[in-house]
Amino acid sequence: MADRPSQDIAAAEAAININLAQMRLEDDGNRETRLLHLLVSLLEWSDAHGIDFDAAVYEVRQYFAEAENRKAVAMGAGADKAKAEGR
């Protein structure tokens, strides 16, 4: 199975490159600038389709925070079990 974070990074890089090409922007190699251009396009798209961009970003951040919390709880439960078993 492919590494999910690597797939996400590759997909983001592809989206950034496509956005630069579609907007006919020169790639200055600055990652922050490249991201900014993509975010501006996503914000414009969201506005055009009546989507609350800030709410969508918040939901994504919440999803990841909850996933990290579940992971920490699971790891803690595993450590508690190992401790109870004397490992």
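Please refer to the structure higher up on the page.
About the thresholds
Residues numbered from 1 in each chain as written. Predicted model: local features only at pLDDT ≥ 70, side-chain atom pairs only at ≥ 80, totals over all residues. Heavy atoms only, no water. Helix = DSSP H or I, 4+ residues; strand = E, 2+ residues; numbered from the N terminus. Expected span 1.5 Å × (residues − 1). Buried < 20%, exposed > 50% of the residue type's maximum accessible area, 1.4 Å probe, protein only. Arc of directions from axis to C-beta. Contact = heavy atoms within 4.5 Å. Phe/Tyr/Trp six-rings, centres within 6.5 Å; stacked < 30°, edge-to-face > 60°. Polar contact = N/O pair within 3.5 Å; in protein donor to acceptor, adjacent residues only side chain to side chain.

K.L.:
What should I look at first to understand helix H1 (residues 4-22) in this one?
P.N.:
An α-helical turn contains 3.6 residues, so any two residues separated by three or four positions project in the same direction. Spanning 19 residues, H1 covers 27 Å between terminal C-alpha atoms, matching the ideal 27 Å at 1.5 Å per step. Within the span of H1, buried status applies to Ile16, Asn19 and Leu20. Angular distribution of buried residues about the axis of H1 spans 100°; they occupy a single face of the element. Turned more than 90 degrees from where H1 packs its buried face, Arg4, Ile18, Ala21 and Gln22 sit exposed. In the core, the buried residues of H1 are packed alongside helix H2 (31-48). Immediately beyond the C-terminal end of H1, within one or two residues, lies Arg24, with a positive phi of roughly 55°.

K.L.:
Is there a simple way to think about unusual backbone geometry in this case?
P.N.:
It is generally the case that most residues other than glycine have a negative phi and that most peptide bonds are trans. If you check the backbone angles, Arg24 has positive phi at about 55° while not being a glycine. Looking at where Arg24 falls in the secondary structure, it is placed in the loop between H1 and H2. In this structure Arg24 comes out as exposed when scored by relative accessible area, which is 78%.

K.L.:
When you look at the packing of aromatic side chains in this model, what are you seeing that I'm missing?
P.N.:
This model, assessed by the stated rule, comprises one aromatic pair. Seen in terms of ring centroids, Tyr63 and Phe64 are 5.4 Å apart; in terms of plane orientation they differ by 80°. Their pairing is edge-to-face.

K.L.:
Whenever I open this one, H2 confuses me. Can you help?
P.N.:
Relative to the 26 Å expected for 18 residues at 1.5 Å per residue, H2 spans 26 Å between its end C-alpha atoms, a close match to the ideal helical length. Among all positions of H2, only Arg34, Leu38 and Ser46 are buried. Down the axis of H2, the buried side of the element spans an arc of 105°, and every buried residue falls inside it. Exposed side chains of H2 directed beyond 90 degrees from the buried face belong to Glu32, Leu36, Glu44, Asp47 and Ala48. Where H2 begins, the side chain of Asn30 points an oxygen toward the backbone nitrogen of Glu32, at a separation of 2.8 Å. Looking one or two residues past H2, Gly50 carries a phi angle of roughly 70°, positive in sign.

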